2 protein chains.
Amino acid sequence: MPNAVSFSVNGRTYSPPARPIVVICLDGSADEYLDVALAQGRMPHLAQLSLQGWRGFARAAMPTFTNVNNSSIVTGVPPSVHGIGGNFFFDNITGQEVMMNSAQYLRAETIFRHAQLAGRKVAVVTAKEKLRDIFASGLISEGGIAFSTEKARSAVMETHGIADVEALCGPQPEIYSGEASVYVLRAGAALLAAGRADFLYLSTTDYMQHKHTPQEPEVVDFYAAIDEEIGKLIALGAIVGVTADHGMNDKQTAEGTPNVIYLETELEAAFGPGFRVILPITDPYVVHHGALGSFAQIHVPEGADVAAIQHWLALRKGITECHDRSTAARLMELPEDRMGDLVVASGRDVVLGRSPDWHDLKAIEGGLRSHGGRYEEMVPLLFSEPLNATYSGRARADVRNFDIFEITCNGTHTA
Amino acid sequence: MPNAVSFSVNGRTYSPPARPIVVICLDGSADEYLDVALAQGRMPHLAQLSLQGWRGFARAAMPTFTNVNNSSIVTGVPPSVHGIGGNFFFDNITGQEVMMNSAQYLRAETIFRHAQLAGRKVAVVTAKEKLRDIFASGLISEGGIAFSTEKARSAVMETHGIADVEALCGPQPEIYSGEASVYVLRAGAALLAAGRADFLYLSTTDYMQHKHTPQEPEVVDFYAAIDEEIGKLIALGAIVGVTADHGMNDKQTAEGTPNVIYLETELEAAFGPGFRVILPITDPYVVHHGALGSFAQIHVPEGADVAAIQHWLALRKGITECHDRSTAARLMELPEDRMGDLVVASGRDVVLGRSPDWHDLKAIEGGLRSHGGRYEEMVPLLFSEPLNATYSGRARADVRNFDIFEITCNGTHTA
């Protein structure tokens, strides 16, 4: 058993009791996924958890993307502070598009190293290697563990803090699968059972949610498998907190045609050439969403009439918000130096693209489900134990998904 | 049994099969209420319904108020078409505040009279008399029934199409109670069982949701009672569709202090006198929310710099949207001639007021829960039977709560 400790990071104090702490980010888990699987009796542990603990909604960080929200969860601060407002940004000074797949872009410390220094055995398991890279910084050298499903087989002590992942957790699955996510939770339970970690962050990938509506049997099976692992973690004595980085919606018409606004094409037709549209959902793993999400940063040409362009965009059907840089930075808590001149979000069923030829729509032939905007902002928030007086008030106010480490550590025992 | 008929209203065609049709609007039913009651096993019929039929989310009309959304549900059109953008508005021409508690303000026909003309026996039961007044227009003279819990005892054939409500449905309950809403559904089941109606709209009141968080036992008992009536309606052979007019959130700090922005006070301190703030949640029944919601219309003084005021409001923490009239009319589908110069919405935990002395905060001493903004926009959408191919696509796209009559009529049988 770990000792009860206390440590502070980025203005928050964490006082986990002498019990294992497990925070789970179920990537792309719109609440409907839980509703359907629960209704079918396929998530008995989650059903029990919501009875004995807490189930509600939390507000994610904008844009509702994976890196943005995982960065917020592991630092406890909004993107304006940690600096990760998307998977990449356009650097106005160097004139280059910059991929933010490593810790050097993170401007706030993660809570992991401080948990370690306070004496906790920390493990971070992610589905994708890109997230591991961001969060592992400073962790391994202190004896922590950080690996991904994607690179489970090649994890080595020096860089991952563990060398026997497959022996402990079973064979590494394919990254484009539901199993890639279940493996994350299974690894967490294995690490906990083996006494190799007692403070865990487990972050899955949303391949299944991009591919499947909540009603499809494949995804119900997936959530049943997730539930089994959550049950193991609870049985091992952990206080478990569960949230999501973002929701997920169909981004197509009722007939199944993708609803895409090609911003670069439309803007250049209206205002002439020179626009650069940054779609911060874009990453090396675009197979399941074709780099189409409900959020975009727009860099306008030199000398352009920004207000006129903003007005034009705001009038475009399907666009729900269009702000200038500083307004967007304030309303969406974004880092101003990594933004375009204008920021656009689109509706529940609408995604933003650059131009038709830039996107591979073959990748989404089975249907387009995606995220990034306001309609993927409200995500599930669950705790395995009842909340104390202080935190039950917090959980009902404008609670954020990145409050989850604080509430899991402090919220279920009387301080 | 009714005949299968077909009729068109406001550009939509309704083809209900030869079965009873029941549409239920559960006022203020944020999805969390269903989640908690379902987890506790207190809504067995809803559990069965979501297994055999459909459960998801729909987008309500803005502002997320009762009259606005009920008007949309019974006409199938947004507020820009039916004209009811709140409980009241300020008429710029006459200089008067106008309460919209009667049918004369509704600019679109309800589907009820057309259902009647097509041969259906229509009944509308509401908790509050104000809604009955809006929807009963033209209904009674054709043999329809329309009454409210609030005035159940005084319903007479001439104006309500029914004179024996208490004999049929039991004694009229207190309007400020959960029973006021359960009575609406019980009346629906009684009318259906007695063969007096086969096309019903049942619309409850949100007294319980303003007063209680989803976890409180009183509200769980309330939803259990609602569930029992839904079970009766299904057992009577009805196709049942369920939605809500708006969600509900705590509008207070984690410590329980109301989060109010007093707009008139703040605007007059910054820009001088002459502002008129319209809070369209205001109605004769303010006991449970103190006329505080997350939406306001602002009429600025003659000659004021509207853009400067808009900019100032947009910067105010807690305000999530501030639009000029025409932008708001477009983005929120509102009737432009019944609006202020500026439209403001506030955050998940924030409400908008006029000035401290205008509101009776004693009324909300138990805690402030309210609605009106975007964070009460996504509401439950349920159907008692599986959706056909056409409408299952509709239910997954940007489906609206005011699609519910069309989907309940057309969506569960193969046309």
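Numbers given for residues are sequential positions, taken from 1 along each chain in its written order. Following the order in which they are written, the chains are lettered starting with A and the ligands numbered starting with 1. Given that this is a predicted model, residues contribute local features only at a pLDDT of at least 70 and side-chain atom pairs are listed and counted only at 80 or more, while totals for whole chains, interfaces and linings are drawn from all residues. Excluded from the side-chain calculations are hydrogens and water; all other atoms, namely the structure's heavy atoms, are used.

1. Regarding the overall build of chain A
In plain terms, the rule: Helical segments are the DSSP runs of H or I of at least four residues, strand segments are the runs of E of at least two, and each set is numbered from the N terminus. Restricting the calculation to C-alpha atoms gives the radius of gyration, and the globule rule supplies 2.2 Å times the number of residues raised to the power 0.38. The criterion used for residue contact is that any of the two residues' heavy atoms lie within 4.5 Å. For accessible areas, the Shrake-Rupley method is used with a probe of radius 1.4 Å. Any residue's cover is judged against the shown protein chains and nothing else.
Of the regular secondary structure elements, chain A holds 16 helices and 19 strands. Radius of gyration (C-alpha) of chain A: 21 Å, near the 22 Å computed for a compact globule of 415 residues. Considering only C-alpha atoms, chain A reaches an extent of 65 × 45 × 45 Å along its principal axes. Considering only intrachain contacts with a sequence separation of at least 6, the fraction spanning at least 24 residues in chain A is 71%. Of the roughly 13,600 Å² of accessible surface on chain A, a fraction of 51% belongs to carbon and sulfur atoms.

2. Let's talk about the interface of chain B and chain A
Spelled out, the test is: The term buried area means the drop in 1.4 Å probe accessible area that two parts suffer when joined, counted for both and summed. Any Lys or Arg side-chain nitrogen located within 4 Å of an Asp or Glu carboxyl oxygen qualifies as a salt bridge. Counting of polar contacts relies on pairs of N or O atoms within 3.5 Å, with two restrictions inside protein: one atom must be capable of donating a hydrogen and the other of accepting it, and residues adjacent in sequence are counted only when both atoms are side-chain atoms.
Each side of the interface is counted separately: chain B has 36 residues, and chain A has 36 residues. The contact between chain B and chain A buries some 3,100 Å² in all, and 52% of this surface belongs to carbon and sulfur atoms. Among the residues chain B hides against chain A, the three largest losses belong to Arg348, Tyr375 and Arg396 of chain B. Together they make up 20% of the total. Across the contact surface, chain B and chain A share four salt bridges. Salt-bridge contacts for aspartate 250 of chain A lead to arginine 396 of chain B; the nearest nitrogen and oxygen are separated by 3.0 Å. The tally of links between chain B and chain A comes to eight residue pairs in polar contact (both at pLDDT 80 or more).

3. Description of the sheet that holds strand E3 (residues 21-25) of chain A
Residue and element names in this part refer to chain A. Applicable threshold: Two strands qualify as a pair provided that DSSP identifies no fewer than 2 bridges between them. Axes here mean lines fitted to C-alpha atoms, for a helix over just the part in contact, with angles spanning 0 to 180 degrees between N-to-C directions.
Pairing is mixed across the open sheet formed by seven strands, whose spatial order is E4-E19-E10-E3-E9-E7-E8. Pairing within the sheet leaves two strands with one partner each, and these edge strands are strand E4 (54-59) and strand E8 (145-148). Taking the axes of each pair of neighbouring strands and ignoring which way they run, one obtains an average angle of 15 degrees across the sheet. Note that strand E7 (residues 122-126) and strand E9 (residues 199-203) share five bridges and pair parallel. Within E9, the position partnered with alanine 123 by the bridge is leucine 200. Against the sheet, helix H9 (residues 179-193) makes contact with E3, E7, E8 and E9, and its axis sits at roughly 165 degrees relative to E9, the strand it touches most.

4. Things to note about the sheet that holds strand E14 (residues 295-299) of chain A
Residues and elements named next belong to chain A. The strand order across the open sheet formed by four strands is E13-E14-E16-E15, and the pairing between neighbours is antiparallel. One side of each edge strand has no neighbouring strand; the edge strands of this open sheet are strand E13 (276-278) and strand E15 (319-324). Recorded for the sheet is a direction-independent mean angle of 20 degrees between the axes of neighbouring strands. Two strands pair when backbone bridges link them, and E13 and E14 are joined in this way by three bridges, in the antiparallel orientation. Bridged to isoleucine 278 within E14 is glutamine 297. Across the face of the sheet, helix H13 (residues 306-315) comes into contact with E14, E15 and strand E16 (342-346) while running at roughly 165 degrees to E15.

5. Focus: the nonpolar core
Spelled out, the test is: By nonpolar core is meant a set of buried Ala, Val, Leu, Ile, Met, Phe, Trp, Tyr and Cys residues that side-chain atoms within 4.5 Å join together. Note on classification: 1.4 Å probe, protein chains only; a residue is buried when its accessible area is under 20% of the maximum for its type, exposed when over 50%, partly exposed between these limits. Delimitation of the domains relies on an automatic or database domain assignment.
Among the nonpolar cores identified, the biggest contains 59 residues, and Phe112, Phe199, Tyr201 and Phe405 of chain A are the most heavily contacted of them. The element best represented in this core is helix H16 (residues 404-410) of chain A, accounting for four residues. The residues that make up this core include at least three from each of domain 1 (7-248 + 373-410) and domain 2 (260-370) of chain A. Discounting chain neighbours no more than four positions away, the residues touching phenylalanine 405 of chain A are Tyr14, Val23, Ile73, Ile111, Phe112, Phe199, Leu200 and Tyr201 of chain A. If you look at the next biggest cluster of nonpolar residues, it comprises 58 residues, including Ile73, Phe199, Ile281 and Met332 of chain B.

6. Examining the relation of the copies chain B and chain A
Just so we agree on the cut-off: Here the copies are matched by least squares. The fit uses the C-alpha atoms of residues with pLDDT of at least 70 in both.
Between the two copies, chain B and chain A, the superposition gives an RMSD of 0.0 Å; the rotation angle is 180 degrees and the shift along the axis is 0.0 Å. What the rotation and shift describe, once combined, is the action of a two-fold rotation axis. When C-alpha positions in chain B are compared against the rotation axis, the closest is assigned to aspartate 35 of chain B, at 3.9 Å. The residues that chain B uses at the interface reappear at the interface of chain A in 100% of cases, marking a shared surface.

7. A look at the domain arrangement of chain A
Residue and element names in this part refer to chain A. For chain A, the assigned domains read domain 1 (7-248 + 373-410) and domain 2 (260-370). Using only C-alpha atoms to locate each centre, domain 1 and domain 2 end up separated by 27 Å. Listed per partner, the contact involves 41 residues of domain 1 and 32 residues of domain 2. Buried surface at the junction of domain 1 and domain 2, summed over both partners, amounts to about 3,400 Å²; 54% is from carbon and sulfur atoms. At the boundary of domain 1 with domain 2, the tally comes to four salt bridges.

8. A few points about the side chain of arginine 55 of chain B
Along the polypeptide, arginine 55 of chain B turns up in strand E4 (residues 54-59). Separated by 3.0 Å, the side chains of arginine 55 of chain B and aspartate 31 of chain B make a polar contact. In terms of polar contacts, arginine 55 of chain B uses its side chain to reach the side chain of aspartate 35 of chain B, at 2.8 Å. Apart from residues lying up to four places away in sequence, arginine 55 of chain B is in contact with Asp35 and Gln215 of chain A together with Asp31, Leu34, Asp35, Leu38, Ser50, Leu381 and Leu382 of chain B.

9. Quick notes on the pattern of salt bridges
Proximity of charged atoms lets side chains of opposite charge pair with each other. All names here are of chain A. Taken as a whole and assessed by the stated rule, the structure comprises 62 salt bridges over all chains. Put simply, lysine 232 and glutamate 229 hold a salt bridge, and the shortest N to O gap is 2.9 Å. Within this pair, lysine 232 and its partner glutamate 229 are both found in helix H11 (residues 217-235), separated by three residues, close to a single helical turn. Between lysine 251 and glutamate 376 there is a salt bridge; the shortest N-O distance is 2.7 Å. Within this pair, whereas lysine 251 is found in the loop between strand E11 (249-250) and strand E12 (260-262), its partner glutamate 376 is found in the loop between strand E18 (369-370) and strand E19 (378-383), the two being separated by 125 residues in sequence. The buried category is assigned to glutamate 376, whose relative accessible area is 0%.

10. Here's the deal with the environment of glycine 76 of chain A
All names here are of chain A. Relative to the assigned elements, glycine 76 resides in the loop between helix H3 (66-75) and helix H4 (79-82). On the basis of relative accessible area, glycine 76 is assigned to the buried category, the value being 6%. Along the sequence, glycine 76 and proline 2 sit 74 residues apart, while their C-alpha atoms lie 22 Å from each other. Excluding its chain neighbours within four sequence positions, the residues that come into contact with glycine 76 are Arg12, Tyr14 and Phe402.

11. Looking at the packing of helix H12 (residues 263-271) of chain A against H13 of chain A
Residue and element names in this part refer to chain A. Note the cut-off: Roughly parallel means an angle under 35 degrees; roughly antiparallel, over 145; roughly perpendicular, 65 to 115; everything else is oblique. In this scheme the handedness of a crossing depends on how the near helix is turned from the far one: anticlockwise by less than a right angle means left-handed, clockwise means right-handed. Each residue gets one of three labels, nonpolar for Ala, Val, Leu, Ile, Met, Phe, Trp, Tyr, Cys and Pro, charged for Asp, Glu, Lys and Arg, and polar for the others, Gly among them.
The contact between H12 and H13 brings their axes to 12 Å, and the two run at 125 degrees. Taken together, H12 and H13 sit at an angle that is classed as oblique. The hand of the H12/H13 crossing is right-handed. Here H12 contributes Leu263, Glu266, Leu267, Ala270 and Phe271 to the contact with H13, which in turn contributes Ala308, Ile309, Trp312 and Leu313. Taken together, the residues of the contact of H12 with H13 break down into eight nonpolar, no polar and one charged.

12. Focus on the pairing of E9 of chain A
Residues and elements named next belong to chain A. With five of five residues buried, E9 is to be regarded as a mostly interior element. Alternating residues of E9 divide into Phe199, Tyr201 and Ser203 and Leu200 and Leu202, and every residue in both groups is buried. Inspection of the sheet shows E3 paired to E9 by five bridges, in the parallel sense. Its bridge partner being in E9, cysteine 25 is matched across the sheet by serine 203.

13. A short note on the packing of aromatic side chains
This is how it is decided: Each Phe, Tyr or Trp ring, with Trp reduced to its six-membered ring, pairs with another whose centre is within 6.5 Å; inter-plane angles below 30 degrees give stacked pairs, above 60 give edge-to-face pairs, and intermediate values give tilted ones.
Considering all chains together, one arrives at 27 aromatic pairs over all chains under this definition. On the numbers, 5.9 Å between centres and 80 degrees between planes, the contact of phenylalanine 112 of chain B with phenylalanine 405 of chain B is edge-to-face. Of this pair, phenylalanine 112 of chain B sits in helix H5 (residues 111-117) while phenylalanine 405 of chain B is found in helix H16 (residues 404-410), placing the two residues 293 residues apart along the sequence. The exposure class assigned to phenylalanine 112 of chain B is buried, which follows from its relative accessible area of 0%. Phenylalanine 405 of chain B sits in the buried class, given a relative accessible area of 0%. Members of the aromatic cluster, joined through ring pairs, are Phe7, Tyr14, Phe112, Phe135, Phe199, Tyr201 and Phe405 of chain A.

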